[in-house]
Amino acid sequence: MITTMRVLVQRVTSAQVTVDDEVVGRIDPAATGAPHGLLALVGVAHDDTPATAKTLADKLFRLRILDGERSAADLAAPILVVSQFTLYADTAKGRRPSWSAAAPGAVAEPLVDAFAADLQALGATVATGRFGAHMRIELVNDGPVTILLEA
């Protein structure tokens, strides 16, 4: 079984999350003077802990994938955090993915919240989606740059 939190990171010029025709989270890096922001799709596994969330938040905040090999910490780039249990899809057998490696909501939600709070504690401007909701995510991926982080 997979036992580590995953964060799929995309470098973006803008991103927003809509739930039931209401924008619940949005980043607009240009409005803050940053050339880019980051969209972080966060998946939680059964054995993850607050320490795992903190480690990955620090890794993401300092990841040098923005202009001039700089990080969100260097450029004050905003970050949109969205829960994404489908990062744990197991498609090895049959045609229907298994989600058994993903932590249940009662475990995952507080860790996604902790991840976002840890980013804020580091100084990041953070927006979020809505845990457990059907979300529509709109983004402009720049590069494209998409990286999978694990603890």
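Let me begin by describing the structure that accompanies this report. Computed from a prediction, not measured in an experiment: that's the story for all the values here.

### Observations regarding helix α4 (residues 105–122)
So, step 1. Given a rise of 1.5 Å per residue, 18 residues ought to cover 26 Å, and the 25 Å separating the end C-alpha atoms of α4 matches this to within 8%.
So, step 2. Three or more residues of α4 are buried, namely Ala 108, Leu 111, Val 112, Ala 114, Phe 115, Ala 116, Asp 118 and Leu 119.
So, step 3. Contacts made by the buried residues of α4 are with β1 (6–19), β3 (37–43), α2 (50–62), β4 (79–83) and β5 (126–128).

### Quick word on the pairing of strand β2 (residues 22–27)
So, step 1. Note: β1 against β2, five bridges, orientation antiparallel. Bridging across to β2, Thr 18 finds its partner in Val 23.
So, step 2. From the end of β1 to the start of β2, which pair antiparallel, there are two residues, and Asp 20 there has a positive phi angle of about 50°.

### What to know about the pattern of salt bridges
So, step 1. Counting across every chain of the model gives six salt bridges.
So, step 2. With its nearest N and O atoms 3.5 Å apart, the salt bridge here joins Asp 142 to Arg 11. Here Asp 142 is found in strand β6 (residues 136–150), whereas its partner Arg 11 is found in strand β1, with 131 residues between them in sequence.
So, step 3. The partner of Glu 138 in a salt bridge is Arg 136, with the nearest N and O atoms 3.6 Å apart.
So, step 4. Residue Glu 138 is classed as partly exposed on the basis of its relative accessible area of 37%.

### A word on the packing of α2 against α4
So, step 1. Packing of α2 against α4 leaves a shortest axis separation of 8 Å and a crossing angle of 45°. Compared by their axis directions, α2 and α4 come out oblique. Here α2 runs over α4; the crossing is right-handed. The residues of α4 that touch α2, namely those facing Pro 50, Ala 53, Lys 54, Leu 56, Ala 57, Asp 58, Leu 60, Phe 61 and Arg 62, are Leu 111, Ala 114, Phe 115, Asp 118, Leu 119 and Leu 122.
So, step 2. Of the residues that constitute the contact of α2 with α4, the class distribution is 11 nonpolar, no polar and four charged.

Scoring rules and cut-offs
- Residues numbered from 1 in each chain as written.
- Predicted model: local features only at pLDDT ≥ 70, side-chain atom pairs only at ≥ 80, totals over all residues.
- Heavy atoms only, no water.
- Helix = DSSP H or I, 4+ residues; strand = E, 2+ residues; numbered from the N terminus.
- Expected span 1.5 Å × (residues − 1).
- Buried < 20%, exposed > 50% of the residue type's maximum accessible area, 1.4 Å probe, protein only.
- Contact = heavy atoms within 4.5 Å.
- Pairing = 2+ DSSP bridges.
- Salt bridge = Lys/Arg side-chain N within 4 Å of Asp/Glu carboxyl O.
- Axes fitted to C-alpha atoms, helices over the stretch in contact; angles between N-to-C directions.
- Parallel < 35°, antiparallel > 145°, perpendicular 65-115°, else oblique.
- Left-handed = near helix turned anticlockwise from the far one by under 90°.
- Nonpolar A, V, L, I, M, F, W, Y, C, P; charged D, E, K, R; others polar.

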